[in-house]
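# Summary of structural features
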Amino acid sequence: MKPSGKKWAAKPGIGDRLGRTLALIGSFYDACKVGYQGTEGYRKSTDLRKFAECIRELLAEGVIDPSRTVFTDLGCADGRVNVMMSYFVRTSIGIEIDPDILSEYEPHKKALLGQIEKASLEPPQDNIHLFQGSSLDDSLYRGVYDETGLRFADTDLFYTYITLHDVFAEKICRDARDGALYLVYGFHKVLPSYAGLEVLIPDVGGQQIAALFVKRSAGG
Ligand SMILES: C[S@@+](CC[C@H](N)C(=O)[O-])C[C@H]1O[C@@H](n2cnc3c(N)ncnc32)[C@H](O)[C@@H]1O
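Here's a quick rundown of the structure. (Residues numbered from 1 in each chain as written. Predicted model: local features only at pLDDT ≥ 70, side-chain atom pairs only at ≥ 80, totals over all residues. Heavy atoms only, no water.)

### Examining the sheet that holds strand E3 (residues 70–73)
- The strand order E5-E4-E3-E6-E7-E9-E8 describes an open sheet built from seven strands, whose pairing is mixed. Looking along the sheet, the strands with just one partner apiece sit at the ends: strand E5 (128–132) and strand E8 (197–201). With direction set aside, neighbouring strand axes in the sheet form an average angle of 25°.
- Helix-sheet contacts for helix H8 (residues 165–175) involve strand E6 (157–161), strand E7 (181–185), E8 and strand E9 (210–215), and the interaxial angle to E7 is about 175°. (Pairing = 2+ DSSP bridges. Helix = DSSP H or I, 4+ residues; strand = E, 2+ residues; numbered from the N terminus. Axes fitted to C-alpha atoms, helices over the stretch in contact; angles between N-to-C directions. Contact = heavy atoms within 4.5 Å.)

Structure representation (structure tokens):
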């Protein structure tokens, strides 16, 4: 299917070529979505066409800035959200506990790059850093620092697709900087609440699929 950039071209912060690139990325990954829940754990894939709408609002609201923002997907799977976010952030970090799932990153990205090249669109930015391990394991962040020079507290925007959302919220509350943001994808209408985090945008992208929280200090 030929991606259509028309919808994107009119939106602020995303030009026609980038809009068509996002449409292609959405079509590519959404054609190989994964969804299971069972004894081997829980895995689902963000709908990247919906996620692109979230990006549009985050850009329009000044929440993300391609020259500054550090983004971390706390359970990144094949890194698809990292690939899409790479155009809109300074550094796109992903952490995945399952090495087999993480190993899908390179072949998927290679196939995607082939399609992007064929369509003369924009390749993902060279700012994606994926790590194997648990995002709850403090020692993992030594490897992140060695490769990127960034600590957990340098992340501006954390992300999860439901997975461990409440446990990740506790870590963000404990270890992230004041003002750090947490985008939780996958909730329909009824929002979770987290001690120490406030809702900043309850319906990012207007699709009842993602909410943005902010860490506030007790006094702030
Ligand atoms: C629901 S999937 C979401 C994948 C991807 N972020 C997306 O939205 O398409 C959650 C992923 O988190 C991984 N995961 C679970 N616990 C984790 C942990 N403690 N640290 C890192 N990754 C974890 C799972 O293996 C799974 O691949």
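Having seen it, we continue.
### Considerations on the site of the ligand
- In the vicinity of the ligand, 22 residues are found, and the nearest of them are Thr 46, Asp 73, Gly 75, Glu 96 and Ser 135.
- For the ligand, a nitrogen atom lies 3.2 Å from a polar atom in the backbone of Ile 97.
- Within the contact set of the ligand, a nitrogen atom lies 3.0 Å away from a side-chain nitrogen or oxygen of Ser 134.
- Protein burial of the ligand: of its 600 Å² of free accessible surface, 94% is covered by the chains.
- The set of elements that each furnish at least two residues to the shell around the ligand consists of strand E2 (41–44), helix H4 (80–85), strand E4 (91–96) and E6. (Near = heavy atom within 4 Å. Polar contact = N/O pair within 3.5 Å; in protein donor to acceptor, adjacent residues only side chain to side chain. Areas by Shrake-Rupley, 256 points an atom, 1.4 Å probe, with all protein chains shown as cover.)

### Some points on the environment of Ala 169
- Tracing the backbone through its elements, the reader meets Ala 169 in helix H8.
- Remark: the alpha-carbon pair of Ala 169 and Phe 158, spanning eleven residues in sequence, is separated by 9.5 Å.
- Once residues within four sequence positions are removed from consideration, Ala 169 is found in contact with Tyr 182, Tyr 194 and Leu 197.

### A word on the side chain of Thr 72
- Counting through the fold element by element, Thr 72 comes out in strand E3.
- Within polar-contact distance, the side chain of Thr 72 engages the side chain of Thr 155 at 2.7 Å.
- Contacts of Thr 72, omitting those with residues within four sequence positions, involve Ile 93, Ile 95, Thr 155, Leu 157, Phe 158 and Tyr 159.

### Examining the pairing of E9
- Counting buried positions along E9 yields six of six residues, so the element is predominantly enclosed.
- With burial as the criterion, each face of E9 is covered, one bearing Ala 210, Leu 212 and Val 214 and the other bearing Ala 211, Phe 213 and Lys 215.
- Alignment of E8 against E9, held across four bridges, turns out to be antiparallel. Bridge pairing in E9 places Val 199 opposite Phe 213. (Buried < 20%, exposed > 50% of the residue type's maximum accessible area, 1.4 Å probe, protein only.)

Limitation: the analysis is restricted to geometry and does not speak to function.
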